Amino acid sequence: MKLVIQLLLWIVIIFLGYLVFNSVYDPIQFNKVKEKRYAKVIERLQDIRAAQLAHQEITGSFAKDFDKLVKFIDTAEFVLTQRRDSTILDEEYRKTFGVDKQKDIVIIDTLGYASVKDSLFKGDRYKKMMFVPVDGVDAKFEMDAGTVTKNENKIPVFEAKVNKSVILHDQDKDLVMQEKQVVSVDGVNGAFLRVGSMNEVNTTGNWPTVYGSN
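Residues numbered from 1 in each chain as written. Predicted model: local features only at pLDDT ≥ 70, side-chain atom pairs only at ≥ 80, totals over all residues. Heavy atoms only, no water.

**Focus on the sheet that holds strand 3 (residues 142-150)**
- Strand order in this open sheet of three strands is 3-4-5, and the pairing throughout is antiparallel. A strand with exactly one partner marks an edge of an open sheet, and here the two such strands are strand 3 and strand 5 (192-196). In this sheet, neighbouring strand axes are inclined to one another by 25° on average, regardless of whether the strands run parallel or antiparallel. (Pairing = 2+ DSSP bridges. Helix = DSSP H or I, 4+ residues; strand = E, 2+ residues; numbered from the N terminus. Axes fitted to C-alpha atoms, helices over the stretch in contact; angles between N-to-C directions.)

Written as structure tokens, this is what we have:
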């Protein structure tokens, strides 16, 4: 009887040790997977942002869908300019006061044009920027564009995002749920990895700088 009790105690001890080990080991492994996948996703979001900012600079607005954004990158060009200071005779002042007066002006010279594709991307990786780069996942980033009103002015905005549960689709559901509720300076807050915003003028990402420029 004593031997049976000892064996049962050992079994309980081993089982409890296993639970304690898993309670520490699983979150560590989860964080390793999370950080690796987040880094890849953020690289794509940075590409989307670069493409959208170029689109806004040249057209005055952001693209609502990836087909338009890819077509834009394929065909658009940046205008290369040079600013230089100069002075000219202020004709209005001379007509009003009968006295010559010089005024400073800025002259912008067009030097040429540069392909958006060649300026921003090496190769054709931009053609894949709409896809979430996680093995086993066949999903695209959600993206939208429009305007917000600030001081009676309509200002272009865009947002691209993906739910964390898509990125971590094969991970422990409880740990994924905890990750979606993160509020931390060193973490990615909220349920999404995203760049931009449809509610405010903001083209930054919601990830910490440890992952790169946001």
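Still to come is the rest of the account.
**Re the packing of aromatic side chains**
- A full pass over the atoms with the stated rule returns three aromatic pairs.
- Arranged with centres 4.9 Å apart and planes meeting at 50°, the rings of Phe-62 and Phe-158 form a pair that is tilted. In this pair, Phe-62 sits in the loop between helix 1 (2-59) and helix 2 (66-75) while Phe-158 sits in strand 4 (residues 153-163), placing the two residues 96 residues apart along the sequence. Each member of the pair, Phe-62 together with Phe-158, is buried.
- Here Phe-121 and Tyr-126 contribute two aromatic rings whose centre-to-centre distance is 5.6 Å and whose plane-to-plane angle is 40°, an arrangement assigned as tilted. (Phe/Tyr/Trp six-rings, centres within 6.5 Å; stacked < 30°, edge-to-face > 60°. Buried < 20%, exposed > 50% of the residue type's maximum accessible area, 1.4 Å probe, protein only.)

**Focus: the side chain of Arg-49**
- Looking at the element boundaries, Arg-49 is found in helix 1.
- Within the buried set, Arg-49 has no salt-bridge partner at all; the shortest N-O distance to an opposite charge, 8.9 Å, is to Asp-47.
- Reaching out from Arg-49, the side chain makes a polar contact with the backbone oxygen of Thr-203 at a distance of 3.5 Å. (Lys, Arg positive; Asp, Glu negative; His and termini not counted. Salt bridge = Lys/Arg side-chain N within 4 Å of Asp/Glu carboxyl O. Polar contact = N/O pair within 3.5 Å; in protein donor to acceptor, adjacent residues only side chain to side chain.)

**Section: the nonpolar core**
- By size, the foremost hydrophobic cluster in this structure holds 38 residues, and its most contacted members are Val-41, Leu-45, Ile-48, Met-129 and Leu-193.
- Residue assignment for this core shows that the elements contributing at least two residues are helix 1, helix 2, strand 3, strand 4, helix 6 (173-180) and strand 5.
- The element best represented in this core is helix 1, accounting for eight residues.
- Excluding residues within four positions of it along the chain, Ile-48 makes contact with Phe-66, Leu-69, Met-129, Phe-141, Met-143, Phe-158 and Ala-160. (Core = buried A, V, L, I, M, F, W, Y, C linked by side-chain atoms within 4.5 Å. Contact = heavy atoms within 4.5 Å.)

**Brief notes about the confidence of the model for the protein chain**
- On average, residues of the protein chain score 84 in pLDDT, and 79% of them are at 70 or above.
- Taken together, the stretch residues 17-21 has pLDDT below 50 and engages in zero contacts with residues farther than four places along the chain or on a different chain. (pLDDT = per-residue confidence, 0-100.)

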